[in-house]
Every structure is written in structure tokens, then in C-alpha cells.
Amino acid sequence: MSPQEITLMTTFLQTLGELPVGALLVVVFVLPWVAVLVYTWLMRGMIDRFRDQFQQETKESRERFEAVVQMYESNATLVKNYERLCTDQQDIIIANTQKLQQLTDRLGK
């Protein structure tokens, strides 16, 4: 410790020694409770900010999830429609092939 720090501590301790007993009791018993209350108040503000940030992030995540669900449902509908279209096209191709075969059989006779 530097001489200035030692002088400062000595002055502080002398000032505490000059205080009445009631003031010392207040410093010993009340000051820690005040410090705890101030600390609690500061932590409450931090917790409130953290909660607000968490709620905002949760809301954004929910919106992204809902968008993904909607995209999946749209893709599932698209696949079902495409399968139906393929089935219809297959029926048309089979019918055309049968008619061409019948035509070929008639022309060949």
C-alpha cells in the first residue's frame, strides 16, 4: 500500500472512532440491509430486461416456427395435387396407348 492509501485509511478509521455508538450500530446493522435492498432493486431491473428480451426472442421463434409449419403444409398440399395430376396423366396415357393399339390392330387386319 502506498503512503497515501495508508493515510486515507487512518483518516477513515479515526472518523469512525469519533462517531457515537448509535451511529456505529446503524452502520453495522442497517447499512448491510440497505445494501441488500439496493442490490435487489438493481437485480430486479436486470431480470426484467432479461425477461423482456426472452419474451421477444420466444415470440420471434414462434413466428418462424409457424412460418415453417405453413410452408410444410403448403408443400404437402402441392405434393398431393401433383400426385393426383400424375395419376390423371397416367390414366390418359394408358387410354391413348389402348386406343393406338386398337387402331394398329384394325389397320393390320
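The following refers to the structure shown. (Residues numbered from 1 in each chain as written. Predicted model: local features only at pLDDT ≥ 70, side-chain atom pairs only at ≥ 80, totals over all residues. Heavy atoms only, no water.)

Tallying secondary structure elements over the protein chain gives three helices and zero strands in all. Going residue by residue from the N terminus, the α and β elements of the protein chain occur as α-α-α. On C-alpha atoms alone, the protein chain measures out to a radius of gyration of 42 Å, which is more than a quarter above the 13 Å that the 2.2 N^0.38 rule sets for 109 residues. Along the first, second and third principal axes, the C-alpha atoms of the protein chain reach 130 × 30 × 10 Å. Here the protein chain holds 109 residues, and 0% of them are scored as buried. Separation of charge centres in the protein chain, based on 11 positive and 13 negative side chains, amounts to 14 Å. (Helix = DSSP H or I, 4+ residues; strand = E, 2+ residues; numbered from the N terminus. Rg over C-alpha atoms; globule rule 2.2 N^0.38 Å. Buried < 20%, exposed > 50% of the residue type's maximum accessible area, 1.4 Å probe, protein only. Lys, Arg positive; Asp, Glu negative; His and termini not counted. Charge placed at Lys NZ, Arg CZ, Asp CG, Glu CD.)

Let us now look at a negative patch on the surface. Together, E57, E60, E63 and E66 make up a region of like negative charge exposed at the surface. In this fold, E63 is placed in helix α3 (residues 31–108). (Patch = residues over 30% accessible without salt bridge, like charges linked within 9 Å, V, L, I, M, F, W, Y side chains within 5 Å. Areas by Shrake-Rupley, 256 points an atom, 1.4 Å probe, with all protein chains shown as cover. Salt bridge = Lys/Arg side-chain N within 4 Å of Asp/Glu carboxyl O.)

In this section: the packing of helix α2 (residues 21–29) against α3. Two numbers describe how α2 lies on α3: the axes approach to 4 Å, and their chain directions differ by 35°. Residue-level contacts link V26, V27, V28 and F29 of α2 to L31, P32 and W33 of α3. (Axes fitted to C-alpha atoms, helices over the stretch in contact; angles between N-to-C directions. Contact = heavy atoms within 4.5 Å.)

Considering the arrangement of structural elements, one finds R44 in helix α3. The exposed category is assigned to R44, whose relative accessible area is 56%.

Enumeration according to the criterion identifies two salt bridges in this entry. Residues R51 and D48 are paired through a salt bridge, measuring 3.1 Å at the closest nitrogen-oxygen approach. In this pair, R51 and D48 both sit in helix α3, three residues apart, roughly one turn of the helix. The partly exposed category is assigned to R51, whose relative accessible area is 40%. For D48, a relative accessible area of 24% puts it in the partly exposed group. A salt bridge links D52 to R51; the nearest nitrogen and oxygen atoms lie 3.7 Å apart. Through salt bridges with shared partners, a single ionic network connects D48, R51 and D52.

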